[in-house]
Each structure stands twice: as structure tokens, then as C-alpha cells.
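Architecture at a glance
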Amino acid sequence: MEEWEKYGLDKRVDYDNLGRVFERMDLKKDGKIDVQELTQAYKNLGYQPRKRTEYGLSEVEDIIWEVDEDANGWIDWDNFVQLYVRCRKDRTGQEPTRLYNLIEFMVCDKDGGGTMSEDECMEILYHRYGKEVRPRSWRVGLT
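Let me sum up the structure you'll find in this document. (Residues numbered from 1 in each chain as written. Predicted model: local features only at pLDDT ≥ 70, side-chain atom pairs only at ≥ 80, totals over all residues. Heavy atoms only, no water.)

**Considerations on the side chain of aspartate 14**
Structurally, the position occupied by aspartate 14 is in helix 2 (residues 12–25). A residue is classified by how much of its surface remains accessible, and aspartate 14, at 6% relative accessible area, is buried. With near-sequence residues (within four places) excluded, aspartate 14 lies in contact with Leu9, Tyr84 and Arg88. (Helix = DSSP H or I, 4+ residues; strand = E, 2+ residues; numbered from the N terminus. Buried < 20%, exposed > 50% of the residue type's maximum accessible area, 1.4 Å probe, protein only. Contact = heavy atoms within 4.5 Å.)

**Points about helix 2**
Under the 1.5 Å per step criterion, the end-to-end length of helix 2 is 20 Å for 14 residues, consistent within 8% with the ideal 20 Å. Regarding helix 2, the residues found buried are Asp14, Tyr15, Asn17, Leu18, Gly19, Val21, Phe22 and Met25. Looking at the buried side of helix 2, the elements it contacts are helix 1 (3–6), strand 1 (32–33), helix 3 (35–44), strand 2 (75–76), helix 5 (77–89) and helix 6 (98–108). (Expected span 1.5 Å × (residues − 1).)

**A short note on helix 6**
Across the 11 residues that make up helix 6, a large majority, 9, are buried. Regarding helix 6, the residues found buried are Leu99, Tyr100, Leu102, Ile103, Glu104, Phe105, Met106, Val107 and Cys108.

**Things to note about the packing of helix 3 against helix 4 (residues 59–67)**
For the pair helix 3 and helix 4, the least separation of the axes is 9 Å and the interaxial angle reads 115 degrees. As far as their axial angle goes, helix 4 and helix 3 are roughly perpendicular. In the crossing of helix 3 with helix 4, the sense of the turn from one axis to the other is right-handed. For the pair helix 3 and helix 4, the contacting residues are Val35, Leu38, Thr39 and Tyr42 in the first and Val60, Glu61, Ile63 and Ile64 in the second. (Axes fitted to C-alpha atoms, helices over the stretch in contact; angles between N-to-C directions. Parallel < 35°, antiparallel > 145°, perpendicular 65-115°, else oblique. Left-handed = near helix turned anticlockwise from the far one by under 90°.)

**Here's the deal with the packing of aromatic side chains**
Summed over all chains, the structure comprises 8 aromatic pairs. Relative to tryptophan 77, the ring of tyrosine 7 lies with its centre 6.4 Å away and its plane at 85 degrees, an arrangement referred to as edge-to-face. Of this pair, tyrosine 7 sits in the loop between helix 1 and helix 2 while tryptophan 77 is found in helix 5, placing the two residues 70 residues apart along the sequence. For the ring pair tryptophan 77 and phenylalanine 80, a centre distance of 6.1 Å and an interplane angle of 25 degrees mean the geometry is stacked. Of this pair, tryptophan 77 and phenylalanine 80 both sit in helix 5, separated by 3 residues, roughly a single helical turn. (Phe/Tyr/Trp six-rings, centres within 6.5 Å; stacked < 30°, edge-to-face > 60°.)

**Things to note about the pattern of salt bridges**
Where charged atoms of side chains with opposite charge meet at close range, the side chains can pair. Across all of its chains, the model carries 12 salt bridges by this definition. The salt bridge partner of arginine 24 is aspartate 109, with a shortest N-O separation of 3.9 Å. One end of the pair, arginine 24, is in helix 2; the other, aspartate 109, is in the loop between helix 6 and helix 7 (118–129), with 85 residues separating them in the sequence. The exposure class assigned to arginine 24 is partly exposed, which follows from its relative accessible area of 29%. Lysine 28 serves as the salt-bridge partner of aspartate 34, at 2.5 Å between the closest nitrogen and oxygen. Residue class for lysine 28 comes out partly exposed when judged on its relative accessible area of 47%. (Salt bridge = Lys/Arg side-chain N within 4 Å of Asp/Glu carboxyl O.)

Right, here's the structure in full:
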């Protein structure tokens, strides 16, 4: 069994894409994404995370708390992939999606320029919702 299959991913390309995004976010190259690195990832895309949420944490600390299964204050590779798999397979809408949305964007923003083409955007929608939920007007372009 391949490593990507052990994580519950459906395709090798998903594993490779996650690795590419994790490397882009792990600015210190220490195998984890901390508050400063995640904050920088958002700022690179023109988003200024809130300094304080209703829980008394910064928005980025709150995002890390949502997915940090071992409560060490950062996101390691296992946390990163587990979050992605849980959100990808979630049909209840109960999984935290803020980091997942950032990951999906960065997967499709292949050049790291902070923008996506229409095709890249459609790729996210297709992966997230599948063929069956696409509006009729989209079906012509994706079938």
C-alpha cells in the first residue's frame, strides 16, 4: 500500500499536490506550519487574518486549534493531510473548512501568484461538489 493510500486519499496526485502546498506554507522548512507561517500564507493572498476572535485567540491560532489533533500548537504533515481527507469526505458540513479552503485554493493556484483562472476555480468546485451538483450551465464545459 502506498503512503497516499494509507492516509485515505483517493489519488496519488492529491498527495503530491498537498506536499507542494505544505512546502510552500512551511517557510522555516521544519516540517510544521506555525502561527507565523500560516499568517504569512494568508497575507500573501491579500487576506489579513483577525487579531482576535470571539474565543480570545487570533484567527490563525483558532484555525490551528481546529486541526491540531495532538495539541502542540502547530500543524504537522499528518494534521495537514488528515484535515484535507476529513473535509474532502465530509458530507455533514461539520468539519472546519477555513484551512481546507486555503489548501484547495493553493492547490489550484499552481504558480503561487495568488490568483486562479476560471478553469482552476471550476476544478475546486468539481472536486468539492462533483458532477451531480453542478448547475446545468456548467455541465457543457466539464463533461
